[in-house]
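Per-entry structural report
Chain by chain, the residues run as shown.
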Amino acid sequence: MSLGQANLCLTIATAGAIFTYIPSGSIASRIGRRKTIRLGTLFLTAAFASSFVYTLISDQFSPILYGLFTLVGIGWALINVNSLPMVLEMCKGSEVGKFTGLYYTFSMSAQIATPIVAGWLLENISYKALFPYAAIFALAAFVTMGFVNHGDNKVEIKKGLEAFDMDD
């Protein structure tokens, strides 16, 4: 794959995410944040695993990869839009800062560790190790989200004058 084709794949993944950001909130309001995030992890797992299988079958670039990277963007948006609001639903108002800090500490730690691990895989195995690495951790996210039992509170729709009440 040329550098331009690789760059276009990432651009397509970003476009897929951008077009999914707003609908992912609507999806979460219908089926819940937890299920939406798990759906996103399944999309990522499927896209990365399929990309790995494709690299085993062919060394040539194919537009099929554009579709797979669109799926990556969609999956990422489903996760990204709903994860912090889910964390915030789990805490009291006085704990928002603490939980936000924990969320970003672990999120950024993963973003620091992954390039190091990916670089090691590239140097010691091959580029073909990146898709299984990504698929395994996306699947691990799916499994760990199965243990989450909170953060999917349904907002009660208030009617009449109650709609104007503000919580302190």
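Refer to the preceding data block for the structure.
Note that the structure is a prediction, hence the values are computed from the model and not measured.

**Looking at the overall build of the protein chain**
- Secondary structure summary: the protein chain contains five helices and zero strands in total.
- The linear arrangement of helices and strands in the protein chain, starting from the amino end, is α-α-α-α-α.
- Across the 168 residues that make up the protein chain, the buried fraction comes to 30%.
- Contacts in the protein chain between residues at least 24 apart in sequence constitute 79% of all its contacts with a sequence separation of at least 6.
- As displayed, the protein chain offers around 11100 Å² of accessible surface, 68% of which is attributable to carbon and sulfur atoms.

**Observations concerning the pattern of salt bridges**
- Tallying each qualifying case throughout the model produces two salt bridges.
- The shortest N-O distance in the salt bridge between Asp59 and Lys128 comes to 3.7 Å. Of this pair, Asp59 sits in the loop between helix 2 (33–57) and helix 3 (64–89) while Lys128 is found in the loop between helix 4 (96–124) and helix 5 (130–145), placing the two residues 69 residues apart along the sequence.
- Glu95 is the salt-bridge partner of Lys98, the closest N and O atoms lying 3.8 Å from each other.

The rules we used
- Residues numbered from 1 in each chain as written.
- Predicted model: local features only at pLDDT ≥ 70, side-chain atom pairs only at ≥ 80, totals over all residues.
- Heavy atoms only, no water.
- Helix = DSSP H or I, 4+ residues; strand = E, 2+ residues; numbered from the N terminus.
- Buried < 20%, exposed > 50% of the residue type's maximum accessible area, 1.4 Å probe, protein only.
- Contact = heavy atoms within 4.5 Å.
- Areas by Shrake-Rupley, 256 points an atom, 1.4 Å probe, with all protein chains shown as cover.
- Salt bridge = Lys/Arg side-chain N within 4 Å of Asp/Glu carboxyl O.

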